[in-house]
Amino acid sequence: MVIKVYARAKINLTLDVLGKRPDGYHQVETVMQSIELHDCLEFTPLEDGVSLTVAGGEVPSGADNLVYRAALLMRKLAGDKKGISIKLNKNIPVAAGLGGGSADAAATLSALNEIWGIHLPARDLLSLGEKLGSDVPFCLLGGTALAGGRGELLESLPPCPRMGLVLVKPSFGVSTASVYRAYDSCPSGKRPGTVAMIKAIGERDIDCIVQNLANVLEIATISMHPEIAGIKKRLLEAGALGVLMSGSGPTVFGVTADLEAARAVADRYPNCGERVLATETFNPERS
Ligand SMILES: C[C@@](CO)(OP(=O)(O)O)[C@H](O)COP(=O)(O)OP(=O)(O)OC[C@H]1O[C@@H](n2ccc(N)nc2=O)[C@H](O)[C@@H]1O
Ligand SMILES: Nc1ncnc2c1ncn2[C@@H]1O[C@H](COP(=O)(O)OP(=O)(O)O)[C@@H](O)[C@H]1O
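Thresholds, definitions, all that
Residues numbered from 1 in each chain as written. Chains lettered and ligands numbered in written order. Predicted model: local features only at pLDDT ≥ 70, side-chain atom pairs only at ≥ 80, totals over all residues. Heavy atoms only, no water. UniProt positions renumbered as here; feature names shortened; annotations may be inferred. Near = heavy atom within 4 Å. Polar contact = N/O pair within 3.5 Å; in protein donor to acceptor, adjacent residues only side chain to side chain. Areas by Shrake-Rupley, 256 points an atom, 1.4 Å probe, with all protein chains shown as cover. Helix = DSSP H or I, 4+ residues; strand = E, 2+ residues; numbered from the N terminus. Buried < 20%, exposed > 50% of the residue type's maximum accessible area, 1.4 Å probe, protein only. Pairing = 2+ DSSP bridges. Axes fitted to C-alpha atoms, helices over the stretch in contact; angles between N-to-C directions. Contact = heavy atoms within 4.5 Å. Left-handed = near helix turned anticlockwise from the far one by under 90°. Nonpolar A, V, L, I, M, F, W, Y, C, P; charged D, E, K, R; others polar.

Named according to an unreviewed UniProt entry, the protein chain is 4-diphosphocytidyl-2-C-methyl-D-erythritol kinase originating from Pelotomaculum isophthalicicum JI. You can read under Sequence similarities (unreviewed entry) in the UniProt record for the protein chain the words "Belongs to the GHMP kinase family. IspE subfamily." Here is the UniProt Catalytic activity (unreviewed entry) comment for the protein chain, exactly as written: "4-CDP-2-C-methyl-D-erythritol + ATP = 4-CDP-2-C-methyl-D-erythritol 2-phosphate + ADP + H(+)".

Draft legend 1. Broad picture of the site of ligand 2. Near ligand 2 there are 18 residues, and of these Lys 90, Gly 97, Gly 99, Gly 101 and Asp 104 occur at the shortest range. Interatomic distance of 3.4 Å between a backbone N/O atom of Ala 96 and an oxygen atom of ligand 2. Measuring from an oxygen atom of ligand 2, one finds a backbone N or O atom of Gly 99 at 2.6 Å. Compared with its free state, where it exposes 540 Å², ligand 2 has 78% of that area covered by protein. It is helix α2 (residues 100-115) that contributes the most residues to the shell around ligand 2, 4 residues altogether.

Draft legend 2. Layout of the environment of Ala 229. Its place among the elements puts Ala 229 in helix α9 (residues 227-237). We classify Ala 229 as partly exposed; its relative accessible area is 38%.

Draft legend 3. A look at the sheet that holds strand β7 (residues 164-169). The antiparallel open sheet is built from 4 strands, whose spatial order is β9-β10-β7-β11. Of all strands in the sheet, those with a lone pairing partner are β9 (242-245) and β11 (275-280), marking the two edges. Taken pair by pair, the neighbouring strands of this sheet meet at an average axis angle of 20°, ignoring direction. Sheet analysis places β7 next to β11, joined by 6 bridges and oriented antiparallel. Bridging across to β11, Val 168 finds its partner in Val 276. Along the sheet, helix α10 (residues 259-268) contacts β7, β10 (252-256) and β11; its crossing angle with β11, the most-contacted strand, is approximately 170°.

Draft legend 4. Fine view of the packing of α2 against helix α3 (residues 122-132). At a closest axis distance of 10 Å, the pairing of α2 and α3 adopts a crossing angle of 145°. The chirality of how α2 crosses α3 is right-handed. Here Ala 105, Leu 109, Ser 110 and Asn 113 of α2 lie close against α3, whose contacting residues are Leu 125, Leu 128, Gly 129 and Leu 132. Residue classes in the contact of α2 with α3 are distributed as 5 nonpolar, 3 polar and no charged.

Right, dumping it as structure tokens:
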């Protein structure tokens, strides 16, 4: 029996950094949004052991993979011998600011919670997810949410209106740690209007959402990769309503009225060696 699961990526509609914490992480306040772009995972129960094969992405296939680490965490809880074979089909660009590894880890925690009959309540899964990464709790919840703390304090928000998205991922990846380090030495830019963004989402006002797109990490990542500013400019010229770098980057997303418009903007975008994808926002209650 093979159980197939989607692991959806995320974008950050706002990202504010409120300061540095004693544990070395940064206090963040960010409106996060699930998107349709997803990895696919296939789970096949085994007598014992954990095996992982990866297709389609430059990611570790052993114990360093977040899927493998999530399976080991769940196996400890499962007590008696439990085994699983996992096939990970990567579609989400890696080290891109789209939460790909976090999404895969969250999908693995949720799937094994059922397959191995552990049935942990949601709050316990969220605590486990936090051990694997700051974005994993959001990826467990999905939809539209306000995240605080390191990213583990979540408040669900009303579903964002369905919007088209054009994702432009340059050929390089960036490490989240290096971006936060660069941020610490950058002058802080314009602060996001998080309250105004939440109001715009509640009113399902796409124009107002676009006007409130803001990410304070952009200035740090652009200081290391100035070409990101050019991507933003070209996406707007191709017809995006608004543009923003997602998370620690380097992916830039352009917002459009719907998926069809996103495909049209992606076709018009003058590709300079980037990976360009058209997708849309995802909220489970809408599907
Ligand atoms: C920037 C954000 C925004 O959603 O996403 P991505 O760009 O990674 O998608 C997240 O804060 C990234 O979360 P995640 O990618 O899980 O980072 P983690 O593995 O937890 O941490 C990697 C490193 O980033 C730094 N880090 C991460 C989160 C945080 N709130 N403060 C930090 O300073 C720390 O140096 C940490 O060691
Ligand atoms: N299943 C996975 N998918 C993607 N990256 C993974 C995975 N497991 C471990 N990683 C590692 O996690 C790092 C962050 O990857 P990813 O989550 O895609 O980036 P981001 O945090 O920028 O969204 C990468 O350097 C990658 O090597």
